[in-house]
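# Descriptive analysis of the structure
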Amino acid sequence: MKKKKLLVTFSATVISASLLLAGCGGSDDSSSKSSNKSEGSKDSKVTLTFWDENAGPQRTPIWEELIKRFEEENPNIDVEYVGLPKDQAKSKMDTAIAADDLPDVASVQTTWLPEFSARDALLPLDDYYKESELNGKINEGAVEFNKKIVNDKKLYGIPYTQNLDIIWIRPDLFQQNGVKIPETWDEFFTAAKEMTKDGVYGYTIRGGAGGSFHLQRLMYAYSGIKDYVKKDGTSTINDPKHIEFLKKYFALYNKYTPKSDITNGYKEMVAGFDTGVVAMVHHNIGSFGEHSEALEPNQFQAIPLPKSEEGYYEAEGGNTINISIFKSTKNPDAAWKFVEFMNSKESQSYWNEKVGQIPTNSDCLKDEWVQNSQHIKVAFEVYDDSNTVLYEPPFYIPDYRSILDNIVDPGIQAVMSGEKTVEEFLDEWAKAIEDSVAKYRETFKK
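Read on for an overview of the structure. (Residues numbered from 1 in each chain as written. Predicted model: local features only at pLDDT ≥ 70, side-chain atom pairs only at ≥ 80, totals over all residues. Heavy atoms only, no water.)

What follows is about the overall build of the protein chain. Across its full length, the protein chain holds 18 helices and ten strands. Taking 446 residues into account, the globule formula puts the C-alpha radius of gyration at 22 Å, and the protein chain, at 22 Å, falls close to it. Overall, the C-alpha framework of the protein chain stretches about 70 × 50 × 40 Å when taken along its three principal axes. Buried residues in the protein chain amount to 58% of all 446 residues. Per element, the accessible surface of the protein chain, about 18,200 Å² overall, is 48% carbon and sulfur. The centroid of the 51 positive side-chain charges in the protein chain is displaced by 3 Å from the centroid of its 70 negative side-chain charges. (Helix = DSSP H or I, 4+ residues; strand = E, 2+ residues; numbered from the N terminus. Rg over C-alpha atoms; globule rule 2.2 N^0.38 Å. Buried < 20%, exposed > 50% of the residue type's maximum accessible area, 1.4 Å probe, protein only. Areas by Shrake-Rupley, 256 points an atom, 1.4 Å probe, with all protein chains shown as cover. Lys, Arg positive; Asp, Glu negative; His and termini not counted. Charge placed at Lys NZ, Arg CZ, Asp CG, Glu CD.)

Read across the open sheet, the five strands follow the order β2-β1-β3-β9-β4; overall the sheet is mixed. Unpaired on one side and paired on the other, β2 (77–83) and β4 (158–162) mark the two borders of the sheet. Shown here is a sheet whose adjacent strand axes are inclined to one another by a mean of 25°, direction ignored. As paired strands, strand β1 (residues 46–52) and strand β3 (residues 105–109) are joined by two bridges and run parallel to one another. Paired with F50 across the bridge in β3 is V105. (Pairing = 2+ DSSP bridges. Axes fitted to C-alpha atoms, helices over the stretch in contact; angles between N-to-C directions.)

Excluding glycine, most residues fall at negative phi; most peptide bonds, likewise, are trans. Phi at D100 takes a positive value of approximately 50°, unusual for a residue other than glycine. Relative to the assigned elements, D100 resides in the loop between α3 (86–99) and β3. You will see that K153, though not glycine, has its phi angle at about 65°, which is positive.

Moving on: the pattern of salt bridges. Across all of its chains, the model carries 21 salt bridges by this definition. For the salt bridge of R119 with D94, the shortest nitrogen-to-oxygen distance reads 2.9 Å. One end of the pair, R119, is in the loop between α4 (113–118) and α5 (126–130); the other, D94, is in helix α3, and 25 residues separate them in sequence. Among the ionic pairs, D363 bridges to K137, the shortest N-O distance being 3.2 Å. Of the two residues, D363 is situated in the loop between α14 (345–355) and α15 (368–372) and K137 in the loop between α5 and α6 (140–148); the sequence distance between them amounts to 226 residues. (Salt bridge = Lys/Arg side-chain N within 4 Å of Asp/Glu carboxyl O.)

What follows deals with the side chain of D367. As for its placement among the helices and strands, D367 is situated in the loop between α14 and α15. In this structure the side chain of D367 is engaged in a polar contact, spanning 3.0 Å, whose partner is the side chain of K345. In contact with D367, other than residues within four places in its own chain, are K345 and S349. (Polar contact = N/O pair within 3.5 Å; in protein donor to acceptor, adjacent residues only side chain to side chain. Contact = heavy atoms within 4.5 Å.)

The next subject is the packing of helix α2 (residues 60–73) against α14. One can describe the packing of α2 onto α14 by two numbers: an axis separation of 10 Å at closest approach and a directional angle of 165°. With respect to α14, the element α2 is oriented roughly antiparallel. Remark: the crossing between α2 and α14 carries right-handed chirality. For the pair α2 and α14, the contacting residues are I62, W63, E65, L66 and R69 in the first and S347, Y350, W351, K354 and V355 in the second. Residues that form the contact of α2 with α14 fall into these classes: six nonpolar, one polar and three charged. (Parallel < 35°, antiparallel > 145°, perpendicular 65-115°, else oblique. Left-handed = near helix turned anticlockwise from the far one by under 90°. Nonpolar A, V, L, I, M, F, W, Y, C, P; charged D, E, K, R; others polar.)

With that settled, consider the environment of P85. With respect to the helices and strands, the residue P85 is situated in the loop between β2 and α3. By relative accessible area, P85 is classed as buried at 4%. When the C-alpha atoms of P85 and G56 are compared, they prove to be 6.9 Å apart, with 29 residues separating the residues in sequence.

Glancing now at the sheet that holds strand β7 (residues 301–304). Strand order in the open sheet formed by three strands is β6-β5-β7, and the pairing between neighbours is antiparallel. This sheet does not close on itself; its edge strands, each paired only once, are β6 (280–284) and β7. When the angles between neighbouring strand axes are averaged without regard to direction, this sheet yields 40°. Two elements, strand β5 (residues 165–169) and β6, share five bridges in a ladder whose sense is antiparallel. Looking across to β6, one finds that I169 is bridged to M280.

This next bit is on the pairing of strand β9 (residues 320–325). Among the six residues in β9, six count as buried, and that is most of the element. Neither face of β9 is exposed, since T320, N322 and S324 on one face and I321, I323 and I325 on the opposite face are all buried. Of the strand pairs in this sheet, β3 and β9 are connected by five bridges, and their pairing is antiparallel. By the bridge assignment for β9, S107 is matched with I323. Summarising the sheet, β4 and β9 pair through four bridges and their orientation is antiparallel. Across the sheet, the residue bridging to P159 is N322, located in β9.

It is worth spelling out the packing of aromatic side chains at this point. Summed over the entire model, instances satisfying the criterion amount to 29 aromatic pairs. With 5.1 Å between their ring centres and 65° between their planes, F188 and F189 make a pair best called edge-to-face. Centre to centre, the rings of F188 and Y203 are 5.1 Å apart; their planes meet at 90°, and the pair counts as edge-to-face. Here the residue F188 occupies a position in helix α8 (residues 185–194), and Y203 occupies one in the loop between α8 and α9 (211–223), the gap between them amounting to 15 residues. (Phe/Tyr/Trp six-rings, centres within 6.5 Å; stacked < 30°, edge-to-face > 60°.)

A separate point is empty space enclosed by the protein. Over the atoms a probe the size of a water molecule is rolled, and this reveals where empty space is left. Each pocket or cavity is described by its volume, and for the largest cavity that value is around 110 Å³. In terms of lining, the largest cavity is formed by L164, D165, R217, P304, L305, Y313, E314, A315, E316, N319 and V382. The dominant element in the lining of the largest cavity, judged by the number of residues it contributes, is strand β8 (residues 314–316), at three residues. Partitioning the lining of the largest cavity into residue classes produces six nonpolar, one polar and four charged. (1 Å grid on protein atoms, 1.4 Å probe; cavity = no way out; pocket = protein on both sides within 12 Å on 5 of 7 lines; lining within 4 Å. Points joined across faces, edges and corners; volume = space filled by probe spheres on them.)

Printed below as a string of structure tokens:
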């Protein structure tokens, strides 16, 4: 599916014209449902509880500053910030839904929208959005994608940021070693090997929690396969091209990557990169903030995942995060004010500049920081290429995230330790997806 039907719609001409133009923070107490007064009197004080799904020392202060600004603009609304560590956020929200003990608003990943809406936990925002000044400003493709992936086709989250997987490199180390910055997959594998010397590893693999997301994005970027699930319900996860890629990829482990990669998560990978122990790391443009605090501008650079064997960039659709309102809120109008404020030009620009991601509000595109950010330009290069393809994982199946967390993440470690072959791992992954898709289609007769 071509990208212009889905996420960003920034054209190459817009970009050229524009040149003129995860730790722990806050409380993670999941029993902090607000005891609000209902919205009746203008003079009544309303308290909203907001859950951040990726709290930590880098992002928590950003939310706290924006909440402060919101409260100054809306003196009758208080907002209680609750920071959830990224690796616990989904399970805490699951528990809160089961206990009917939810916040008013939250930062919700796009992959969670189908499940949360199917569990009747979220408030549809279609009517609010239709009458809002945001209508027409928030990236239309991202909004439509959010409606497309839920069963009832309603809008359950307003995307405030968009991401893209890339490879961060240490250009200073590449220059010292006279190694070419990779542009193709063959050059990537060569660079990982040639950069491994003098106590530096060429690359790092995410073997710990969250490795599944990294792996599937790399696989599809390499293969160029456009369908995650075919019309007949079979998955392309175990396609021969993916087997080929993973054999090359895991062959890097413990030779051209650290041995600790088998359990390393995001923090460990970033630490290795920022201290110069690792020359390349695959993540996304959202880790710009951490790199910019640890390194000088000439010490880190974003490059796109190489084009597929078919000759085009391929990225994952739905790589956005949203502000959603939970259905149990007693103050939906106040909650919507918060959603609108956080998606305003000023708020989106502030949040995304600090984090290093792409704002979805079109009014932000003329901002100087957008025009001058090297990593944002790389993202535009991919998203604005007319040949770029966005594949769609089956976000709609209720246990999609569970499969990645409980089957794929441990499976990665099993392959790295030699307990499973690449073929066994991918077959198990594909079967789990296919079984779940079959149940979903039977349930909804699709």
